[in-house]
Amino acid sequence: MPRIIIYALLILTLLAILPPVIAANARSKPNPNRPINIIQDMDLQAKFLPQSENDLFADKRSQRPQIVGTVARGENYLDTHFVDGVVDGQWATTTPKQLPMNMELLLRGQDRFNIYCTPCHGYSGGGNGTINQRAMELVANAEGPVNGTVWVAAKSLHDATVTIQPIGQIYNSVTHGVRNMAGYGSQVPPADRWAIVAYVRALQRSQNATLEEVPADKRGGL
Amino acid sequence: MSRFLFPRWTNAILPFILVTGAILPLYAAFVVAYGFSPKTIDAGYQPTQPVPYSHALHVGQLGMDCRYCHNTVERAGFAAVPATQTCMNCHTQIQRESPKLEKIRSSYESGMPVEWVKVHKLPDYSYFNHSAHVNRGVGCVECHGRIDQMEVVYRYSPLAMGWCLDCHRAPTDRLRPVSQITNMAWDQRVELTREERESLVKLFHINPSENCSTCHR
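If you're wondering where the values come from, they're calculated on a predicted model, not measured in any experiment.

Details of the overall build of chain B
Part 1 of the argument: Across its full length, chain B carries 12 helices and zero strands.
Part 2 of the argument: Reading chain B from its N end, one meets helices and strands in the order α-α-α-α-α-α-α-α-α-α-α-α.
Part 3 of the argument: Computed over C-alpha atoms, the radius of gyration of chain B comes to 25 Å, more than 25% over the 17 Å expected from 2.2 N^0.38 for 217 residues, which places it beyond the range of a compact globule.
Part 4 of the argument: Dimensions of chain B, computed from the C-alpha atoms along their principal axes, are close to 95 × 50 × 35 Å.
Part 5 of the argument: Evaluated residue by residue, chain B yields a buried proportion of 40% over its 217 residues.
Part 6 of the argument: Considering only intrachain contacts with a sequence separation of at least 6, the fraction spanning at least 24 residues in chain B is 68%.
Part 7 of the argument: Per element, the accessible surface of chain B, about 12,900 Å² overall, is 62% carbon and sulfur.
Part 8 of the argument: Within chain B, the 19 negative side-chain charges are centred at a point lying 7 Å from the centre of the 22 positive side-chain charges.

Written out as structure tokens, the structure reads:
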């Protein structure tokens with residue numbers, strides 16, 4: 001058999017191994033390039049999805065932010081108790097009537113508190129969440145605070161200055177923030193904020209409870 | 001006039017040619033199925049983001065819950081990428097002069113959005129809904145992989161129609177209690193018995209649809 005044919009066959013066999021190797025390599029690790037899409041079908045349609053781009057506006061947001069001074073459909077702004085935590089110009093002392101204080105509300109509150117508040121205030125509300133710990137370390141760094149970090153310790157929710165506050169005031173702190181704490185009004189809807197403050201009340205109670213407040217049949221382990 | 005004659009050695013390679021001829025179509029089919037599968041082409045997409053935000057740090061080390069940032073995931077079809085304000089809840093104070101956060105700060109001052117690159121993208125003719133999955137006990141990790149270990153997010157799943165249907169046809173092993181939705185390290189195949197997983201199916205009356213109109217509407 002002529003040499004040239006043998007070489008040609010060998011090279012062809014080697015080349016045949018290439019495509020699977022390239023594919024296996026592409027599978028094995030993440031790749032920064034946009035996936036190849038030759039046949040586009042109707043993959044990209046002329047419609048605006050949430051958080052997509054719209055070149056007509058200077059900020060390119062397709063989802064328009066609410067214009068200051070307008071009221072969205074279904075937005076409830078007259079019920080100041082529910083929206084602002086204010087009744088007759090005073091901080092509300094109860095949860096609004098749509099959300100009576102019950103176990104369901106507290107469980108929802110616990111769930112939400114553990115998502116939005118524990119990073120700083122900790123699971124018990126004592127003020128030592130993971131973010132708080134890390135921020136303290138960054139401030140206490142030997143060569144000075146890392147990248148200009150400053151930190152006011154997340155306040156213990158069992159501090160007397162907080163436990164004496166009416167529930168409406170705590171609600172307001174969560175909605176609009178207080179001093180160094182940012183507001184959660186844009187992240188958490190009002191009903192969930194009420195659930196959170198209801199749970200904060202329960203936490204405060206739990207840390208300052210007396211034996212008499214524990215139901216008789218549950219006192220065994222105390 | 002001399003006629004072309006196959007040299008004698010060609011007889012020896014005849015079986016070889018037959019075998020190659022039989023293998024070649026199989027080979028071609030394999031290359032197309034393996035090389036052009038969404039697992040090769042679509043999965044693993046990891047674009048470079050404008051801000052070097054790390055899930056491994058914020059979720060893995062600092063233990064934040066997904067919903068702190070992706071707060072619409074339980075309420076809406078779309079899992080919103082957080083607004084600049086959300087980052088600034090902490091970063092007005094923590095690492096407030098970090099060069100890595102330059103774009104976040106300028107966005108906070110100007111009100112212009114940060115241009116995050118979208119990692120997961122279904123074609124516009126298909127419809128997906130997060131709340132339908134998350135509230136029925138399909139955890140983030142089933143579709144997005146171990147986000148809490150990713151420095152930079154990449155596309156873990158192929159997001160192909162076959163992939164959706166694989167789960168819609170056999171969801172039992174992929175369900176967890178709703179309280180464990182965002183817990184990335186938790187695996188129901190280990191933590192729950194078969195019976196417990198089946199009872200989850202009954203609890204939520206899970207019957208994922210295979211109707212075309214569920215996802216193409």
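After that view, the rundown keeps rolling.
Points about the interface of chain B and chain A
Part 1 of the argument: The partner chain A presents 56 residues to the 50 residues of chain B that form the contact.
Part 2 of the argument: Of all residues in chain B, B:Y68, B:Q93 and B:D124 bury the most surface against chain A, accounting for 16% of the area lost on that side.
Part 3 of the argument: Counting across the chain B and chain A interface gives one salt bridge.
Part 4 of the argument: Here A:R112 makes a salt bridge to B:E74, at a shortest N to O gap of 3.0 Å.
Part 5 of the argument: If you look at where chain B meets chain A, you find 22 residue pairs in polar contact (both at pLDDT 80 or more).
Part 6 of the argument: Per-element tally for the side of chain B that touches chain A: the top contributor is helix 1 (residues 10-35) of chain B, with seven residues.

Some remarks on the packing of aromatic side chains
Part 1 of the argument: Per the stated rule, a full pass over the model turns up six aromatic pairs over all chains.
Part 2 of the argument: A centroid spacing of 6.0 Å and a plane angle of 35° characterise the contact between A:Y116 and B:Y68, whose relative ring orientation is tilted. Taken together, the residues A:Y116 in helix 3 (residues 103-116) and B:Y68 in helix 4 (residues 66-69) connect one chain to another.
Part 3 of the argument: Taking relative accessible area as the criterion, A:Y116 reaches 5% and is therefore assigned buried.
Part 4 of the argument: Between B:F4 and B:F6 the ring centres are 5.4 Å apart and the planes differ by 75°, which places this aromatic pair in the edge-to-face class.
Part 5 of the argument: Taking NZ or CZ as reference, A:R27 lies 4.1 Å from the ring centre of B:Y34, over its face.
Part 6 of the argument: Looking at B:R217, its charged tip hangs above the ring of B:Y127, at a distance of 3.9 Å from the centre.

Re the domain arrangement of chain B
It is common to give the size of an interface as the accessible area that goes away when the parts come together.
Part 1 of the argument: The domains assigned to chain B are domain 1 (12-41) and domain 2 (55-64 + 73-79 + 120-215).
Part 2 of the argument: One C-alpha centre belongs to domain 1 of chain B, the other to domain 2 of chain B, and the line joining them spans 36 Å.

Some points on the nonpolar core
Part 1 of the argument: A:F113, A:Y116, A:I131, A:W194, A:V197, B:Y68 and B:I94 are the most contacted members of the largest nonpolar core, which has 36 residues in total.
Part 2 of the argument: Elements that contribute at least two residues to this core include exactly helix 3, helix 5 (130-139), helix 7 (167-176) and helix 8 (190-207) of chain A together with helix 4 of chain B.
Part 3 of the argument: Of all the elements, helix 8 of chain A adds the most residues to this core, at eight residues.
Part 4 of the argument: Not counting chain neighbours up to four residues away, the residues in contact with A:V197 comprise A:I167, A:I170, A:Y171 and A:V174.

What to know about the layout of surface pockets
Part 1 of the argument: Considering only enclosed or pocket space, the second largest pocket measures out at about 700 Å³ in volume.
Part 2 of the argument: Broken down by secondary-structure element, the contributors of at least two residues to the lining of the second largest pocket are helix 3, helix 4 (118-121), helix 7 and helix 8 of chain A together with helix 5 (84-91) of chain B.
Part 3 of the argument: Ranked by residue count, the leading element in the lining of the second largest pocket is helix 7 of chain A, at four residues.
Part 4 of the argument: The residue inventory of the lining of the second largest pocket, partitioned by class, reads 21 nonpolar, seven polar and two charged.

Description of the packing of helix 3 of chain A against helix 8 of chain A
Residues and elements named next belong to chain A.
Part 1 of the argument: Direction vectors running N to C along helix 3 and helix 8 enclose 95°, while the axes themselves pass 7 Å from each other. Considered as vectors, helix 3 and helix 8 are oriented roughly perpendicular to each other. Residues L105, L106, R108, G109, Q110, R112 and F113 of helix 3 lie in contact with helix 8, whose contacting residues are D192, A195, I196, A198, Y199, V200, A202 and L203.
Part 2 of the argument: In terms of residue class, the contact of helix 3 with helix 8 is built from 10 nonpolar, two polar and three charged.

What counts as what
Per-chain numbering applies: the sequence of each chain, read as written, is numbered from 1 onward. The naming scheme follows written order: chains are lettered A onward, ligands numbered 1 onward. Where totals are concerned, whole chains, interfaces and linings use all residues; where local detail is concerned, this predicted model gives features only for residues with pLDDT of at least 70, and gives and counts side-chain atom pairs only at 80 or more. Hydrogens and water molecules were not included; the side-chain quantities draw on all heavy atoms of the structure. Going along the chain from the N terminus, every DSSP run of H or I of four or more residues is numbered as a helix, and every run of E of two or more is numbered as a strand. Only the C-alpha atoms count toward the radius of gyration. The rule for a globule is 2.2 Å times the residue count to the power 0.38. Residue exposure (1.4 Å probe, protein chains only): buried if accessible area is under 20% of the type maximum, exposed if over 50%, otherwise partly exposed. In what follows, a contact means two residues having at least one pair of non-hydrogen atoms within 4.5 Å. Only the protein chains shown count as cover for residues, with accessible areas throughout obtained via the Shrake-Rupley method and a probe of 1.4 Å. A residue counts as positive if it is Lys or Arg and as negative if it is Asp or Glu; His and the chain ends are not included. Each charge is placed at NZ for Lys, CZ for Arg, CG for Asp and CD for Glu. Once two parts are brought into contact, the accessible area they lose, counted with a 1.4 Å probe and summed over both, makes up the buried area. A side-chain nitrogen of Lys or Arg and a carboxyl oxygen of Asp or Glu constitute a salt bridge if their distance falls within 4 Å. Polar contacts, as counted here, are pairs of nitrogen or oxygen atoms within 3.5 Å of one another; within protein the pair requires one atom able to donate a hydrogen and one able to accept it, and residues that are adjacent in sequence qualify only if both atoms are side-chain atoms. Two aromatic rings from Phe, Tyr or Trp, using only the six-membered ring of Trp, form a pair when their centres are within 6.5 Å; if the ring planes differ by under 30 degrees the pair is stacked, by over 60 it is edge-to-face, and anything between is tilted. Only Lys NZ and Arg CZ are tested; either one counts as a charge over a ring when it is within 6 Å of the ring centre and within 35 degrees of the ring normal. Boundaries between domains were set according to an automatic or database domain assignment. The nonpolar core is taken to be a set of buried Ala, Val, Leu, Ile, Met, Phe, Trp, Tyr and Cys residues, with the residues joined through side-chain atoms within 4.5 Å. We place a 1 Å grid over just the protein atoms. Points where a 1.4 Å probe fits but has no way out form a cavity, open points with protein on both sides within 12 Å along at least 5 of 7 lines form a pocket, and any residue with an atom within 4 Å of a point lines it. Grid points are joined across faces, edges and corners, and a volume is the space filled by probe spheres set on the points. Charged means Asp, Glu, Lys or Arg here, nonpolar means Ala, Val, Leu, Ile, Met, Phe, Trp, Tyr, Cys or Pro, and polar covers whatever is left, Gly included. In this description, a line fitted to the C-alpha atoms serves as the axis of each element, helices being fitted only across the stretch in contact, and the angle between N-to-C directions of two axes falls anywhere from 0 to 180 degrees. Put simply, angles under 35 degrees are roughly parallel, angles over 145 are roughly antiparallel, angles from 65 to 115 are roughly perpendicular, and the rest are oblique.

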